[in-house]
Every structure is written in C-alpha cells, then in structure tokens.
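Residues per chain are reported as follows:
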Amino acid sequence: MNLLIPESEFLSQIVKYTEEAIILVDVNFCVQYMNNTAKRMLDVENEDYENKHFYNDLELVRVAQGRSMSIIEEVLQTGKAIRHVFRQTKNDRHVSMNVIPLFEDGEQKAILVTALDVTDYMEMEKELDLAFALTLPNSKIEYKLKSTVEYQDIYDRDSGQITITGIIEDGGYRHVVNCLKIFSILSARGVTKVIGINKDELVQAFIFHDIGKSQPILHVGDVVNPKEAFEDGRLHAYRGAEIAKAFYHQSDIVVDIIQYHHHSEHELPESFSWRLLPMFRLFQLVDGLSAAITRGGVKVEFSVFDCKVQVTETNHRPQYNGTWQIDLYTGERKRLL
Ligand SMILES: [Fe+2]
Ligand SMILES: [Fe+2]
C-alpha cells in the first residue's frame with residue numbers, strides 16, 4: 001500500500017476534512033476529542049469542550065423520546081456497536097449516528113461517535129409525509145394512524161417476555177408510510193406488472209389494514225408477556241376489514257386482504273380464491289418488513305424476477321441477516337444466503 005504521504009498525516013487529513021463528525025468520549029461520558037466537522041455541526045466551535053459531559057454539560061445530542069437510556073450508555077453496557085440511529089442535536093439538526101466501543105486488551109476504553117448531518121434529507125421526508133397525508137381518505141384515518149403507538153422491545157427467549165425499550169407515538173402512521181415506500185420500490189422493480197398484482201387495491205389495503213388496531217398502554221421498562229399484553233392480530237384484522245367496508249366502501253378484494261392479513265395461508269377459508277394469493281403474499285411480505293423497519297434497526301433491499309421477490313435484510317444484529325426469495329405464485333420461500 002502506498003499512501004504517498006506518511007500514514008499519520010494521511011489519517012489526520014481524513015479526520016480533518018471528512019464531512020462526518022467524529023467525537024471521542026471516555027467511559028465517564030466526557031468528550032476528549034472532536035474534529036472540525038463535529039464542532040461546526042454541534043455549534044461548539046468557541047466552547048471549551050474537553051472533559052465535559054456529552055449529555056449533561058454539552059447537551060450535544062438529545063436522548064430519543066420514550067427512551068430511558070442514552071445510546072452511549074447502551075453501548076457502554078453491552079460493549080456492542082450501534083449503527084445508523086437517528087438523533088436530534090441541541091441546535092435541532094438531525095444526525096445519523098454510529099456509536100462504537102473501543103477496546104484495549106479486552107477493556108472498554110472509549111466510545112467513538114460518528115455522525116452525519118441528515119437534516120435536509122429529513123426535511124424532504126417531512127414534505128413527502130405531508131403530501132402523503134393529503135392522499136388519505138379523511139382526517140379520521142390520519143388521526144387514527146397518528147395516534148396508534150408501536151413499541152420497540154427486546155425479547156428474552158428463556159422467559160418468553162419482552163422489555164419495552166422505546167415508544168413510537170405515531171407508529172401506525174410510520175408503519176403505513178413504510179409499507180407504501182417498500183411497495184413503491186417493489187413497483188419500480190416491476191412487481192405490479194405481475195398478473196394478479198393490482199397496485200391500487202394494494203395501496204388501499206396498506207392504508208386501511210391496521211385501522212382496527214387497539215394497542216395496550218405500556219411504558220419504557222415494562223416487562224410483559226407479549227401473548228397476554230397484545231391481542232391476537234386476527235382481531236384487529238377483522239375489525240379493520242369491517243371499517244374499510246362499511247365506512248370507506250372498499251372493494252371485496254381489499255376487504256378480504258385486510259380481514260386475513262394475520263392468517264397463515266393454511267388458515268385461509270376455502271372461499272379465499274387462488275387469484276388473491278399473489279397479492280396476499282406480497283401484502284404479508286411488505287407488512288412484515290415495514291413493521292421491522294418501523295421499529296428500527298433493519299435495512300432491506302429488493303429485486304424482482306418475474307413472480308419471485310428477493311429480499312436482503314441487514315440488521316443491527318447480524319445473526320438475522322440474510323437473503324430470501326418468495327414466489328408469489330406458488331408461495332414457496334427459499335433462503336439463498
Ligand atoms: Fe396488522
Ligand atoms: Fe401492519
């Protein structure tokens with residue numbers, strides 16, 4: 001490798017000129033180093049930041065709403081890196097953060113925080129959200145979606161219990177927006193050209209499918225058995241279908257997809273015709289991926305080959321990474337990687 005200049009010089013030039021903020025924090029949360037981008041991004045160019053507390057003194061980044069623990073605290077506790085989380089700075093910029101523990105001889109010595117300013121991107125998203133809200137049938141639907149919470153949690157396999165780690169206040173709305181985003185990517189890849197896939201009906205099904213949902217009121221830190229705390233999904237599916245039919249005059253096809261969206265294929269009634277299955281399978285695929293994306297920590301990529309959809313998932317927890325292929329016509333699911 002020929003760096004052309006001495007390695008230390010090369011590295012210091014990268015740190016100096018990168019558009020990514022770089023901050024080094026010790027195990028007591030005290031900032032030890034910030035590059036120029038970090039100082040500029042976080043408005044501390046004229047402040048003496050050294051040895052000051054990341055949150056209490058400098059208030060560089062806000063602890064996310066509904067979270068009991070800061071992200072740095074979480075990384076210190078677990079010793080595992082957390083990547084691509086969105087946070088707001090004290091001067092109302094939006095940043096995408098990576099928080100990485102640094103070890104020496106197995107001992108956690110420091111935390112490296114890198115952050116990219118994504119404010120412009122978030123503003124664009126907000127505008128798209130506003131435009132999307134205009135396409136909703138009426139303000140009651142918007143109100144219902146925006147007041148349906150979704151919970152982030154950690155599952156304990158031994159006890160079967162979950163611990164609530166975060167609350168997404170407008171989770172229902174975010175979920176539908178994410179469903180439509182995923183569906184638009186798949187449409188661009190050609191999925192709506194497949195016989196049996198109707199774009200307009202699927203869009204309506206996404207908008208209405210969880211409208212009958214009633215979530216329990218939980219708080220961060222609550223430990224619950226999910227089977228007891230949350231009602232069977234088939235119940236809100238049934239209610240959602242009734243609402244879509246009675247109040248919003250949706251077609252039989254849309255109503256059927258909503259009614260059975262939490263049923264497995266083998267539980268479907270005989271009256272559920274084969275011609276609906278490709279749409280039903282695509283709906284369940286998008287619904288599941290959107291739920292994971294809405295709760296955070298998952299990135300997905302897609303390709304479409306005729307009636308086969310290929311999905312590659314990249315998770316916070318790499319053990320869940322993988323590539324799957326779903327055949328919308330036969331229902332066959334294959335794991336590729
Ligand atoms: Fe649902
Ligand atoms: Fe859903």
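Residues numbered from 1 in each chain as written. Chains lettered and ligands numbered in written order. Predicted model: local features only at pLDDT ≥ 70, side-chain atom pairs only at ≥ 80, totals over all residues.

J.: It is not clear to me how the sheet that holds strand 8 (residues 223-224) should be interpreted in this structure. Could you clarify?
T.: Strand order in the open sheet formed by three strands is 6-7-8, and the pairing between neighbours is antiparallel. Since the sheet does not close on itself, it has two edges, and those belong to strand 6 (150-156) and strand 8, each with one partner. (Pairing = 2+ DSSP bridges. Helix = DSSP H or I, 4+ residues; strand = E, 2+ residues; numbered from the N terminus.)

J.: Even after reading the chapter, I still don't get the domain arrangement of the chain, so can you show me in this structure?
T.: Accessible area lost on assembly of the parts is the figure often given for the size of an interface. The domain architecture assigned to the chain consists of domain 1 (7-118) and domain 2 (136-285). One C-alpha centre belongs to domain 1, the other to domain 2; they are set 37 Å apart. (Domains from an automatic or database assignment.)

J.: In this structure, what is going on with unusual backbone geometry? I would like to understand it.
T.: With the exception of glycine, most residues fall at negative phi, and the peptide bonds are largely trans. Backbone geometry places N51, a non-glycine residue, at a positive phi of 70 degrees. On the secondary structure map, N51 appears in the loop between helix 2 (36-41) and helix 3 (71-78). Judged by the 11 C-beta atoms lying within 10 Å of it, N51 falls in the exposed class. A positive phi is found at D105, a non-glycine position, where the angle reads about 50 degrees. Exposure remark for D105: the 5 C-beta atoms within 10 Å place this residue in the exposed category. (Buried ≥ 20, exposed ≤ 12 C-beta atoms within 10 Å, placed from the backbone.)

J.: Before we go on, may I ask you to explain the environment of D222 in this structure?
T.: In this fold, D222 is placed in the loop between helix 7 (199-208) and strand 8. Taking the C-beta count within 10 Å as the criterion, D222 has 16 such neighbours and is therefore assigned partly exposed.

J.: Would you mind going over the sheet that holds strand 12 (residues 333-335) with me for this structure?
T.: Adjacent strands of a sheet form backbone hydrogen bonds with each other and so pair up, either parallel or antiparallel. Pairing is antiparallel across the open sheet formed by four strands, whose spatial order is 9-10-11-12. Where the open sheet ends on each side, the last strands, each with one partner, are strand 9 (298-305) and strand 12. Averaged over all adjacent pairs, the angle separating strand axes in this sheet is 20 degrees, with direction ignored. Where strand 9 lies against strand 10 (residues 308-315), eight bridges are found, and the strand directions are antiparallel. Considered in strand 10, the bridge of V298 is made with N315. Against the sheet, helix 11 (residues 277-295) makes contact with strand 9, strand 10 and strand 11 (322-327), and its axis sits at roughly 160 degrees relative to strand 9, the strand it touches most. (Axes fitted to C-alpha atoms, helices over the stretch in contact; angles between N-to-C directions. Contact = placed C-beta atoms within 7 Å.)

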